[in-house]
Number of protein chains: 2
Amino acid sequence: MANSKFDVLCIGNAIVDVIARVEEEFVSRQGLVKGSMNLIDEARAAELYAAMGRATEVSGGSAANTAAGVASLGGRAAYFGKVKADQLGAIFQHDLRSQGVFFETPPAHAGPATAQSFILVTPDSERTMNTYLGACVNFSIHDVDKHVVEASEVTYMEGYLWDRPEAKEAFRLAAQVARQAGRKTAITLSDSFCVERHRDSFLDLIRNDIDIVFANEAEIGSLYQTSDFDSAMRAVAMDCPVAVLTRSEKGCVVVAEGHLQEVPAHPVARVSDVTGAGDLFAAGFLHGLTNGKPLYGCARLGSLAAAEIISHVGARPEVDLRELAEANGLL
Amino acid sequence: MANSKFDVLCIGNAIVDVIARVEEEFVSRQGLVKGSMNLIDEARAAELYAAMGRATEVSGGSAANTAAGVASLGGRAAYFGKVKADQLGAIFQHDLRSQGVFFETPPAHAGPATAQSFILVTPDSERTMNTYLGACVNFSIHDVDKHVVEASEVTYMEGYLWDRPEAKEAFRLAAQVARQAGRKTAITLSDSFCVERHRDSFLDLIRNDIDIVFANEAEIGSLYQTSDFDSAMRAVAMDCPVAVLTRSEKGCVVVAEGHLQEVPAHPVARVSDVTGAGDLFAAGFLHGLTNGKPLYGCARLGSLAAAEIISHVGARPEVDLRELAEANGLL
């Protein structure tokens, strides 16, 4: 196997987050389930935006947040995702590239605008996401640069891609290319409603083409249609070499080759906005993995990166994660 | 004089802020004077953005921040300013209107993009601003809705408008309409370099058409070409009915009809980003004034609003300023 050029290639929906703090009442009045990710169309996006208060715009997108996290930890990160050549697309490109992520997916010059996710953060720091996919619908197999996939130690993809048939096809192609090159593949289940929509094909994918699965309790429960965490854990242990199951403040469980390890969460003084917690957990874990750390150390790095992201608004690191990890003795 | 429909009408450059934290070294390497506002062209904007790290986008613009502050304090605020009908323009419109500000200046459908200010925040929380005026260059007398000026108790304008001849003309027209309607006029000197560029015409304006001047130490010193604060204070007392001179953590001095009052600054636990301090000070002061508070109380409200804005990144209030003022016994 050739030397890798990138540690982690992340593939996902390229999104600019529009973040506003709202009262609990706003979420229920809008008919939303708190903590979920909802796909919305352009008309609904306009309606929701008009009802929302002042917001802050920051680059987001689940797998893009992970790529930014890997780069901030000092890893070599690449990203595939589709923006339009508009102002929000320029912001997204800038933020990812300035973090040191290799990002050369050509932007769309026609069609819908760069994707936006209207993120409502309630006083309990929970987030409810409303995503207008916009230009992401143009992401297809033509955007899978095989050379980059072959040159990446791990190809990590977000389950959200499954919501569009063309993106799903691109996802499958990337997984295939990675495995043929002897590389590792990883997936995050993204959201329990997303799992609900695509359960059978997720299971098929995990059983055949994926080395590492990331999921939280709700997602893994949804995948195996059980509310019993232990049952879900046993099931995924049969289906995939490595599963990393996150449980918020209870830490996580790493299931690998039949063994399981519990890893505590990194303490956080004050949780501000949980957006990006899972994305940055994956960044820390994968960075550990591609740097030869044992699984326990990978999970500790993941917990540290997640702790940083939930201490402020927005899902991109605000400090140099490599320095933070070194200060904590994890790198 | 007819009853007013608005307490404060603010007129200024409509700008979206692009805020990044940088090291001291970045500011000097870019050849910038820390704490200043620099006007840049499109090419320089692209160059600076490429050199900057990841950023957060929030609506800004000096007088627009003041309008948002007045509205957050419970006042009736209106705003004139020019955006383009593009994505950043939609963000600017949304954030101001959702705060409750009356903002109906028609956006430009051609010409340069909505203005952006690239704001570099150094570790000492000081900000250095680099403004690409974009669509603001299309602001002209046609955007001065006389009915709104006549219906506003105070018309407040930013000195930055002076940097474009068409905006300056619009500024003069608004001042004239306000005074003919028996309303008050107020101005902020905005920036010492801006005063440097327009000293004579600022002096002429203040002596003839302005009731209330806001300035910090550097600006008032630049206006009267003195480094001695007391001299500057005596000079402005001769030129204008009310001058409010802010001195950062030393508080402010209100000079009115020959008398002066010193007012302490509101304590701040941790200064995060000083962007908008002057804008929000003006919001508090003007809200007090239009609600019949004595000048000392106006300055205390200004200090409180400024303290809130410098405790976080971005120049729009993150809490309900009315509640904050009530909790502090100022409203």
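Let us look at the structure shown here. No experiment lies behind these values; they were computed from the predicted model shown. (Residues numbered from 1 in each chain as written. Chains lettered and ligands numbered in written order. Predicted model: local features only at pLDDT ≥ 70, side-chain atom pairs only at ≥ 80, totals over all residues.)

We now examine the overall build of chain A. When its secondary structure is counted, chain A shows 12 helices and 14 strands. Its C-alpha radius of gyration of 18 Å places chain A within 12% of the 20 Å reference for a compact globule of 331 residues. Counting only C-alpha atoms and orienting by the principal axes, one finds that chain A spans roughly 50 × 40 × 40 Å. Classification of the 331 residues of chain A by burial places 56% in the buried group. Across chain A, the fraction of contacts at a sequence separation of at least 24, relative to all contacts at a separation of at least 6, is 75%. (Helix = DSSP H or I, 4+ residues; strand = E, 2+ residues; numbered from the N terminus. Rg over C-alpha atoms; globule rule 2.2 N^0.38 Å. Buried ≥ 20, exposed ≤ 12 C-beta atoms within 10 Å, placed from the backbone. Contact = placed C-beta atoms within 7 Å.)

Moving on to the pairing of strand E8 (residues 127-132) of chain B. All names here are of chain B. With respect to burial, E8 is a largely interior element, 6 of its 6 residues being buried. Burial along E8 is two-sided: Arg127, Met129 and Thr131 and Thr128, Asn130 and Tyr132, pointing in opposite directions, are all buried. Where strand E7 (residues 115-121) lies against E8, 6 bridges are found, and the strand directions are antiparallel. Across the sheet, isoleucine 119 pairs through a bridge with methionine 129, a residue of E8. Counting the residues that bridge the hairpin from E7 to E8 gives 5 residues, and of these serine 125 lies at a positive phi of roughly 75°. (Pairing = 2+ DSSP bridges.)

Moving on, we come to the sheet that holds strand E5 (residues 77-80) of chain B. Residue and element names in this part refer to chain B. If you walk across this open sheet you meet the 9 strands as E6-E5-E1-E9-E10-E11-E12-E13-E14, and the pairing is mixed. Unpaired on one side and paired on the other, strand E6 (102-103) and strand E14 (259-263) mark the two borders of the sheet. Looking at chain direction, E5 and E6 are connected through 2 bridges and run parallel. What sits directly across from alanine 78, in E6, is phenylalanine 102. On top of the sheet, helix H6 (residues 165-180) reaches strand E1 (6-11), strand E9 (152-158) and strand E10 (184-188); it is set at about 160° to E9, its chief contact. (Axes fitted to C-alpha atoms, helices over the stretch in contact; angles between N-to-C directions.)

Moving on, we get to the sheet that holds strand E9 (residues 152-158) of chain A. Residues and elements named next belong to chain A. Taken in spatial order, the 9 strands make up an open sheet running E6-E5-E1-E9-E10-E11-E12-E13-E14, and their pairing is mixed. At either margin of the open sheet sits one strand with a lone partner, and together these are strand E6 (102-103) and strand E14 (259-263). Pairing between strand E12 (residues 242-246) and strand E13 (residues 252-256): 5 bridges, direction antiparallel. Counterpart to valine 244 in the pairing with E13 is valine 254. Helix H11 (residues 295-310) rests against E12, E13 and E14 of the sheet, and its axis sits at about 35° to E14.

Contacts between the two partners involve 18 residues from chain B and, on the opposite side, 19 residues from chain A. Within the residue set of the side of chain B that touches chain A, elements represented by two or more residues are strand E4 (56-59) and helix H4 (87-98) of chain B. With 6 residues, H4 of chain B is the largest single contributor of residues to the side of chain B that touches chain A. Taken together, the residues of the side of chain B that touches chain A break down into 6 nonpolar, 7 polar and 5 charged. (Nonpolar A, V, L, I, M, F, W, Y, C, P; charged D, E, K, R; others polar.)

Attention now goes to the environment of arginine 21 of chain B. Residues and elements named next belong to chain B. With respect to the secondary-structure elements, arginine 21 resides in strand E2 (residues 15-21). For arginine 21, a count of 21 C-beta atoms within 10 Å translates into the label buried. Note: C-alpha distance between arginine 21 and threonine 56 (35 residues apart in sequence) is 9.6 Å.

Further remarks concern the relation of the copies chain B and chain A. Think of it as a corkscrew move, a rotation about one axis and a shift along it, taking one chain copy to the other. Once turned by 180° and shifted 0.0 Å along the axis, chain B lies on chain A with an RMSD of 0.0 Å. Taken together, the turn and the small shift mark the pair as related by a two-fold rotation axis. Across chain B, the rotation axis passes nearest the C-alpha of glutamate 57 of chain B, at a separation of 2.4 Å. An overlap of 100% is found between the interface residues of chain B and their copies at the interface of chain A, pointing to a shared contact surface. (Least-squares fit on C-alpha atoms with pLDDT ≥ 70 in both.)

A few words on H11 of chain A. The end-to-end C-alpha distance of H11 of chain A, which contains 16 residues, comes to 23 Å, matching closely the 22 Å that a straight helix rising 1.5 Å per residue would cover. Burial analysis of H11 of chain A places 13 of its 16 residues in the buried class, the great majority of the element. (Expected span 1.5 Å × (residues − 1).)

To continue, consider the packing of helix H10 (residues 277-290) of chain A against H11 of chain A. All names here are of chain A. The geometry of H10 relative to H11 is characterised by a closest axis approach of 7 Å and an angle of 145° between their N-to-C directions. In this structure, the crossing between H10 and H11 has a hand that is right-handed. Every residue of H11 that contacts H10 at Ala277, Leu280, Phe281, Ala282, Ala283, Gly284, Phe285, His287, Gly288 and Leu289 is listed here: Gly297, Cys298, Ala299, Leu301, Gly302, Ser303, Leu304, Ala305, Ala306, Glu308, Ile309 and Ile310. The residue makeup of the contact of H10 with H11, split by class, is 15 nonpolar, 6 polar and 1 charged. (Left-handed = near helix turned anticlockwise from the far one by under 90°.)

A word on unusual backbone geometry. The backbone phi angle of serine 125 of chain A is positive, close to 75°, even though this residue is not glycine. Mapped onto the fold, serine 125 of chain A is located in the loop between strand E7 (115-121) and strand E8 (127-132). With phi around 75°, serine 190 of chain B is a residue other than glycine that occupies positive phi space. Inspection of the secondary structure puts serine 190 of chain B in the loop between E10 and helix H7 (192-209).

If you check helix H10 (residues 277-290) of chain B, its first and last C-alpha atoms are 20 Å apart, about what 14 residues at 1.5 Å a residue would give, namely 20 Å. H10 of chain B sits mainly inside the fold: 14 of its 14 residues count as buried.

What follows deals with the pairing of E2 of chain B. Residue and element names in this part refer to chain B. For E2, the buried fraction is high: 7 of the 7 residues fall into the buried class. The two faces of E2 match: Ile15, Asp17, Ile19 and Arg21 on one face and Val16, Val18 and Ala20 on the other face are all buried. Bridge count for E2 against E7 is 7 bridges, and the pairing is parallel. When the bridges of E7 are listed, aspartate 17 appears paired with serine 117.

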